[in-house]
Amino acid sequence: MIKWVYIEDISKYVDQEVTIKGWMYNKRSSSKIHFLQLRDGTGFIQAIMEKERFDDELFKKVKKLKIETSMIITGRVRKEDRAPGGYEIDVTSIETVQEPIEDYPISKKEHGVDFLMEHRHLWIRSKKQWAIMKIRNEVVKAIRDFFYESKFVLIDSPILTGSIGESAGNLFDIDYFDLGKAYLSQTGQLYLEAAIQSFGKVYCFGPTFRAEKSKTRRHLTEFWMVEAEVAYYRHKDNMKLQEELVVYTVNRTLKNAQPYLEILGRDTTKLLTVKTPFPRISYSEAIDILKEAGKDAKWGDDIGGDEETIISQKFDRPVMVYNYPKDIKAFYMQLNPENDREVLCDDMLAPEGYGEIIGGSERIWKYEVLLKRIEENNLPLDAYRWYLDIRKWGAVPHSGFGMGIERLVAWITGIKHIREAIPFPRTIYRIYP
RNA sequence: UCCCCGGUAGCUCAAUCGGCAGAGCGGGUGGCUGUUAACCACUAGGUUGCAGGUUCGAGUCCUGCCCGGGGAGCCA
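It should be emphasised that the depicted structure is a prediction, and the values quoted were computed from it without experimental measurement.

Rules used in this analysis
Residues numbered from 1 in each chain as written. Chains lettered and ligands numbered in written order. Predicted model: local features only at pLDDT ≥ 70, side-chain atom pairs only at ≥ 80, totals over all residues. Heavy atoms only, no water. Helix = DSSP H or I, 4+ residues; strand = E, 2+ residues; numbered from the N terminus. Buried < 20%, exposed > 50% of the residue type's maximum accessible area, 1.4 Å probe, protein only. Areas by Shrake-Rupley, 256 points an atom, 1.4 Å probe, with all protein chains shown as cover. Phe/Tyr/Trp six-rings, centres within 6.5 Å; stacked < 30°, edge-to-face > 60°. Lys NZ or Arg CZ within 6 Å of the ring centre and 35° of its normal. Patch = residues over 30% accessible without salt bridge, like charges linked within 9 Å, V, L, I, M, F, W, Y side chains within 5 Å. Salt bridge = Lys/Arg side-chain N within 4 Å of Asp/Glu carboxyl O. Domains from an automatic or database assignment. Contact = heavy atoms within 4.5 Å. Buried area = accessible area lost by both parts, 1.4 Å probe. Nonpolar A, V, L, I, M, F, W, Y, C, P; charged D, E, K, R; others polar. Near = heavy atom within 4 Å. Polar contact = N/O pair within 3.5 Å; in protein donor to acceptor, adjacent residues only side chain to side chain.

**Considering the overall build of chain A**
Part 1: Along chain A, the regular secondary structure elements total 13 helices and 18 strands.
Part 2: Taken over the C-alpha atoms alone, chain A extends approximately 85 × 55 × 40 Å along its principal axes.
Part 3: Every one of the 433 residues in chain A was classed for burial, and the buried ones make up 50%.
Part 4: Surface accessibility of chain A: about 21700 Å² in total, with carbon and sulfur atoms responsible for 51%.

Given below as structure tokens:
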């Protein structure tokens, strides 16, 4: 029995006969030789068939095989400079598993966004999409390892929730038995704030849902977020943690995902600069930068996508903008003791125009203060009863943040739109495939 | 919800001032001794998003609708 091997390991089998199980993503032929381009999930390789070594019928049959035929081939591995990837397989036997019943719709030429999105279930087979998902895989593993090594405890938060996260109006609701409406979670933060009282350092990692009718390259209705929360951490500790997480994740990806970054043509020199410390500028300084850039910005305005780009372009690594006006931020953020018009929060803006990837803050930890803020914001007290409860028994100062996985992956991979950073994106006008 | 752009062959696009709907890729047939989105020749392929209007004549102009894309707001 000849050994079944994966393409990523092929260099270990030079001059040996091996079996590859995969798919033919392209082929080229002349009268005397076929070049079959194969993939198997781990990589890509060229297999060749010379006419003189096969009977005419089989040779003709292979010429007519359609793109995406699944097949099992056996042959001798050879180092071959003329082959893409540097190795090729001289086929000795070929067995098709399934021959396509129609022509494959995704061609080697360019396609439009609409067509590709309609065929997302097939599009993920293409090399570029494959590389992006392999990088996402590395990014997620790096994040989990960072938290594990830093002694954080994974506390998964519920997806179905009765309470309200940051603001109503952009929640998906569903009928929940006899209890009325339930909502798809838009943050796990409130649950993490409960968990730190037991575990100290916690994080959660899962899908979140926003029913905002956003139509931009930075938004999805369903996206993955990693959130961390730490007891006794103050604002500055929080920012340091964010910075360390991002540096760790980028370095690990550069180390482990180099071949995939190359497939995407990513200019990795722009990632090599991602080292501590990240620049930190106050919201007020950010407004000054925007004014200098000729923007009509004044204190109290929120910082939009274009503004984020102007700010982040001044730096070669992510920049942290801290202490925003309280009126444009969430109710649970701690007021700045040095300026009660501001809250102790920060947004991390990725370079190259990728915008906000992290939002974090120190949380209000005193019962009376939080109660007052809930009332000021006219939030339903009943829904927040348990959240207030946390502050009754041994409350401590604490801080946390959330990082958007697709935005992070989009930045690291250098792709234009975050819909390619998730296998099956959910956008406002698309629920299939 | 608002602003902007688009919808022509399976796909990507072209079509001058309103005047015979075209090309490349993909498909089919044949050819080619190492291809690199292979190449060469021939060939089939159309309700121009839908409905109405103006006109001798509409892919092109007008009205309404449908679908998608980019952005704003909001956020990660």
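**Quick word on unusual backbone geometry**
Part 1: Residue P277 follows T276 across a cis peptide bond; omega there is -5 degrees.
Part 2: Mapping P277 onto the fold places it in the loop between α8 (269-272) and β12 (280-282).
Part 3: Put simply, Y432 and P433 share a cis peptide bond, and its omega is 0 degrees.
Part 4: Within the secondary structure, P433 is located in the segment after α13 (405-413).
Part 5: A positive phi angle, near 70 degrees, is found at D15, a position not held by glycine.
Part 6: As for its position among the elements, D15 is in the segment before β1 (17-29).
Part 7: Given the relative accessible area of 52%, D15 is considered exposed.
Part 8: Notably, Y232 is not glycine yet its phi reads approximately 70 degrees, a positive angle.

**Thoughts on the packing of aromatic side chains**
Part 1: Counting across every chain of the model gives 18 aromatic pairs.
Part 2: Between Y25 and F44 the ring centres are 5.3 Å apart and the planes differ by 90 degrees, which places this aromatic pair in the edge-to-face class. Of this pair, Y25 sits in strand β1 while F44 sits in strand β3 (residues 44-50); the two residues are 19 residues apart in sequence, bridging distant segments of the chain.
Part 3: An aromatic cluster of three or more residues is present, and its members are Y191, F331, Y332, Y384, W386 and Y387.
Part 4: Geometry around Y87 places K79 over its ring, the cationic atom sitting 5.1 Å from the centre.
Part 5: Looking at R144, its charged tip hangs above the ring of F205, at a distance of 4.6 Å from the centre.

**Details of a nonpolar patch on the surface**
Part 1: Together, L160, I174, Y176, F177 and L179 make up an exposed nonpolar region whose accessible area comes to about 540 Å².
Part 2: Inspection of the secondary structure puts L160 in strand β7 (residues 160-161).
Part 3: For L160, a relative accessible area of 41% puts it in the partly exposed group.

**Looking at the domain arrangement of chain A**
Reports of interface size often rely on the accessible area that becomes lost once the parts have come together.
Part 1: Assigned domains of chain A: these are domain 1 (7-98) and domain 2 (120-421).
Part 2: With centres defined by C-alpha atoms, the gap from domain 1 to domain 2 works out at 46 Å.
Part 3: Taken together, the contact between domain 1 and domain 2 spans 7 residues of the former and 4 residues of the latter.
Part 4: Taken together, both faces of the contact between domain 1 and domain 2 bury some 500 Å²; the carbon and sulfur share is 53%.
Part 5: For the pair domain 1 and domain 2, the interface holds 1 salt bridge.
Part 6: A salt bridge links E68 to R125; the shortest N-O distance between them is 2.7 Å.
Part 7: Across the side of domain 1 that touches domain 2, the residue classes break down as 2 nonpolar, 3 polar and 2 charged.

**Topic: the environment of D288**
Part 1: Structurally, D288 can be placed in helix α9 (residues 283-292).
Part 2: Expressed as a C-alpha distance, the spacing of D288 and W299, which sit 11 residues apart in the sequence, is 9.0 Å.

**Side note on the protein's contact with RNA strand B**
Part 1: Neighbouring residues of RNA strand B: 55 residues in total, closest N26, R28, K108, R217 and R407.
Part 2: Expressed as a percentage, the sugar and phosphate content of the atoms of RNA strand B within 4 Å of the protein is 53%.
Part 3: A distance of 3.4 Å is found between a phosphate oxygen of RNA strand B and a side-chain nitrogen or oxygen belonging to S30.
Part 4: At 3.4 Å, a side-chain N or O of R218 approaches a base nitrogen of RNA strand B.
Part 5: For the surface near RNA strand B, the element with the highest residue contribution is strand β17 (residues 355-362), accounting for 4 residues.
Part 6: Looking at the surface near RNA strand B residue by residue, the classes come out as 12 nonpolar, 15 polar and 28 charged.

**With respect to the pattern of salt bridges**
Part 1: Taken as a whole and assessed by the stated rule, the structure comprises 32 salt bridges.
Part 2: Among the salt bridges present, the one from R82 reaches E80, with a minimum N-O distance of 3.1 Å.
Part 3: Its relative accessible area of 75% is what places R82 among the exposed residues.
Part 4: R252 is paired through a salt bridge with D145; the nearest N and O atoms lie 3.0 Å apart. With R252 in helix α6 (residues 235-256) and D145 in helix α4 (residues 127-149), the pair connects residues that are 107 residues apart, well separated along the chain. For the pair formed by R252 and D145, the shared burial category is buried.
Part 5: Several salt bridges share partner residues, and in doing so they unite E50, R53, R78, E88 and D90 into one network.

**Notes on the side chain of T42**
Part 1: Locating T42 in the fold gives a position in the loop between β2 (33-39) and β3.
Part 2: Classification of T42 as buried rests on a relative accessible area of 15%.
Part 3: Separated by 3.2 Å, the side chain of T42 and the backbone nitrogen of I7 make a polar contact.
Part 4: Engagement of the side chain of T42 in a polar contact is seen with the side chain of D40, the distance being 2.8 Å.
Part 5: The contacts of T42, once residues within four sequence positions are left out, are Y6, I7, E8 and W130.

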